[in-house]
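Observations on the three-dimensional arrangement
One letter stands for each residue in the lines below.
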Amino acid sequence: MKTLVCRCEDVLAPEIEAAIDAGHTDIESLKRYTAFGTGVCQGKSCVSVVAGMIHQRCGLAPELLQPITPRPPIQPVPLLLLAAEDEA
Amino acid sequence: MHEGEALTAKKGEPLMVTLLAHGIDTASRSIKYHRPRGAFCMNGSCGQCWMRIDDLPNRPACLTPAVEGRSIGRQNAFPSADVDLFRAADLVFGGGFDHHRLATTPLSPLNAIMQGTARQLAGLGELSEQTPGPAPRVVEQEERLVIVGSGPAGLAAALEARALSPLVLEARESIGGQLRSGLFSDVPELAGLKDQALRTLGDRLWCRAAAVGLYRDERGPQLLVKKREESGERLVVIRPQQVILATGGYEQSLLFGDNDLPGHYGVRALAELMLVHGVAPGSRLVIHDGGAELGPRLYQTLKQRGLDCQLLDRSTKILRAEGRSRVKGLELEQGGQVRKLDCDVIASSLPTAPAYELAQQAGASLAFKPGRGFVVVADSKGHTEVPWLRVAGELAGADSALAAAASGKSAALGLGETA
């Protein structure tokens, strides 16, 4: 039985909890350690859940939590479209 | 055609709907443990139903329409997504594997084997052998006001600012967002929004147009849009003077054992499947009420239709889902008692996590709200720290469709006068 937090990268709830307990109490550091949020959805399904886990587990004030930086494009775009020339 | 088998579909319905209508709920295999995965959000955000479509890898089956002669297939599985031998990884590493320690000793033979194996197992799809056609030109256009999202917030904002003839962008096939399911037809303020918007805004409503980036260059704000037209997809660069983001939120999953099995849906996805497309992904339905207003509404409607549906309240904890390849039941705990529940669909009805990406790219600040996610910092009228950017709806913290519509209206107040 596995409880998935990040389905894109198969990251499990106990892995996130262990990483928080090991001192990874900010989202960026947790991401780099567990690889959560680095998959195809880019954190849409897991960043808020993980922020909640940090908040609950170590009582961190909400204002100290910031998500990973979402860079464009936020939905997959075929490379062909990006290779196109501008109209002008 | 799905893996050599011909499937009949309603023209234009999402391919995932076609698959579910034929009883196929495994859309892919997961990257590490090769666990079966199916649609969860039906909204292009969860990344679980990416398939090979017309020989191109990694296309979301929940947003790609069924077209006659289209071929679809599942990726990341050997020999097939139904029977994937690499699932052995899931069974061998029952408690998960630690990628920091597993066979990572430098220069050890085990490390070399691990690298070779991991390369075989991992990765998403394979590139097509086809030579792509000519790239469609990028079109650029200027706009006074662009509204991203056509749920209750976006539509209410667009109607309020109609004097400016705003351009409304919607990623899906039709407008309405969470109103699409018809579950709010008893709320007078929401019931007529879609029709009124269609009448008032006409071709200023762009469907199949996903905003994928929002940033500034030396000429001002720039909104990058991926637009699907009859001839295919193209990019459009919009140069707006003002932007209202009403991008809504992403469905979230409850945490329980084997919560990734096909058969676990977000409540909006279940409403979309059953009420918009008329396809039931199972016959014994369970909705877990995690606080989103849609859960109880959908439950009432399904009950009225005589379907086998149960609503679990928040005091009931789901311990795990039963089943190896899809949900076949649940193990629940309530008041210290553990019991089993027979079902084939479980829907999480949690508040959505606001879709803050575009706002953050534009320079707005975010604040974490426990139980919700990251909302955009804005005043009561949705004004952010960025002068040309306003936010509305779930993004601004609205927790109901009615509140979303009200915030959309107030975000657009005064825009017509300043233009």
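About the thresholds
- Residues numbered from 1 in each chain as written.
- Chains lettered and ligands numbered in written order.
- Predicted model: local features only at pLDDT ≥ 70, side-chain atom pairs only at ≥ 80, totals over all residues.
- Helix = DSSP H or I, 4+ residues; strand = E, 2+ residues; numbered from the N terminus.
- Rg over C-alpha atoms; globule rule 2.2 N^0.38 Å.
- Buried ≥ 20, exposed ≤ 12 C-beta atoms within 10 Å, placed from the backbone.
- Contact = placed C-beta atoms within 7 Å.
- Nonpolar A, V, L, I, M, F, W, Y, C, P; charged D, E, K, R; others polar.
- Pairing = 2+ DSSP bridges.
- Axes fitted to C-alpha atoms, helices over the stretch in contact; angles between N-to-C directions.
- Domains from an automatic or database assignment.
- Core = buried A, V, L, I, M, F, W, Y, C linked by C-beta atoms within 7 Å.

**A closer look at the overall build of chain B**
Within chain B, the regular secondary structure consists of eleven helices and 23 strands. Relative to the 2.2 N^0.38 estimate, which gives 22 Å for 419 residues, the radius of gyration of chain B is 23 Å and therefore close to what a compact globule would have. Along the three orthogonal principal directions, the C-alpha set of chain B runs to about 70 × 55 × 45 Å. A total of 419 residues make up chain B; the buried ones form 47% of that total.

**Examining the overall build of chain A**
Across its full length, chain A carries four helices and two strands. Each helix (α) and strand (β) of chain A, taken in turn from the N terminus, gives the series β-β-α-α-α-α. Dimensions of chain A, computed from the C-alpha atoms along their principal axes, are close to 55 × 35 × 15 Å. When contacts within chain A are restricted to residue pairs at least 6 apart in sequence, those whose partners lie at least 24 apart make up 52%.

**Quick word on the interface of chain A and chain B**
Facing the 44 residues of chain A at the interface are 52 residues of chain B. Listed by contribution, the elements that provide at least two residues to the side of chain A that touches chain B are β1 (4-6), α1 (13-21), α3 (47-58) and α4 (79-82) of chain A. At five residues, the largest contribution of residues to the side of chain A that touches chain B is made by α3 of chain A. Broken down by class, the residue content of the side of chain A that touches chain B amounts to 26 nonpolar, eight polar and ten charged.

**Describing the environment of Val 187 of chain B**
Relative to the assigned elements, Val 187 of chain B resides in the loop between β7 (167-169) and α5 (188-191). As a C-alpha pair, Val 187 of chain B and Gln 310 of chain B span 123 residues in sequence and 24 Å in three-dimensional space.

**Points about the sheet that holds strand β16 (residues 317-322) of chain B**
Consider a sheet: its strands pair through backbone hydrogen bonds, and that pairing is either parallel or antiparallel. Residue and element names in this part refer to chain B. Here three strands make up an open sheet; going across it, the order is β16-β17-β18 and the pairing antiparallel. This sheet does not close on itself; its edge strands, each paired only once, are β16 and β18 (337-342). This sheet shows a mean twist of 25° between the axes of neighbouring strands, independent of strand direction. Strand direction decides the pairing type here: strand β17 (residues 329-334) and β18, joined by six bridges, are antiparallel. Considered in β18, the bridge of Gln 334 is made with Gln 337.

**Examining the domain arrangement of chain B**
Residue and element names in this part refer to chain B. Split by domain assignment, chain B resolves into domain 1 (15-121), domain 2 (139-250 + 357-418) and domain 3 (264-349). Of the residues lining the interface, eleven residues belong to domain 1; the matching set on domain 3 comes to eleven residues. Sorting elements by how many residues they give to the side of domain 1 that touches domain 3 places helix α1 (residues 15-21) first, with three residues. Across the side of domain 1 that touches domain 3, the residue classes tally to eight nonpolar, two polar and one charged.

**Here we look at the nonpolar core**
In this structure, Val 5 and Val 50 of chain A together with Met 16, Ala 157 and Leu 395 of chain B are the most contacted members of the largest nonpolar core, which totals 133 residues. Considering every element that reaches this core, the biggest residue donor is helix α7 (residues 267-276) of chain B, with six residues. When sequence neighbours within four positions are dropped, the list of residues in contact with Leu 395 of chain B reads Leu 245, Ala 246, Thr 247, Pro 354, Ala 355, Tyr 356, Ala 359, Val 375 and Val 376 of chain B.

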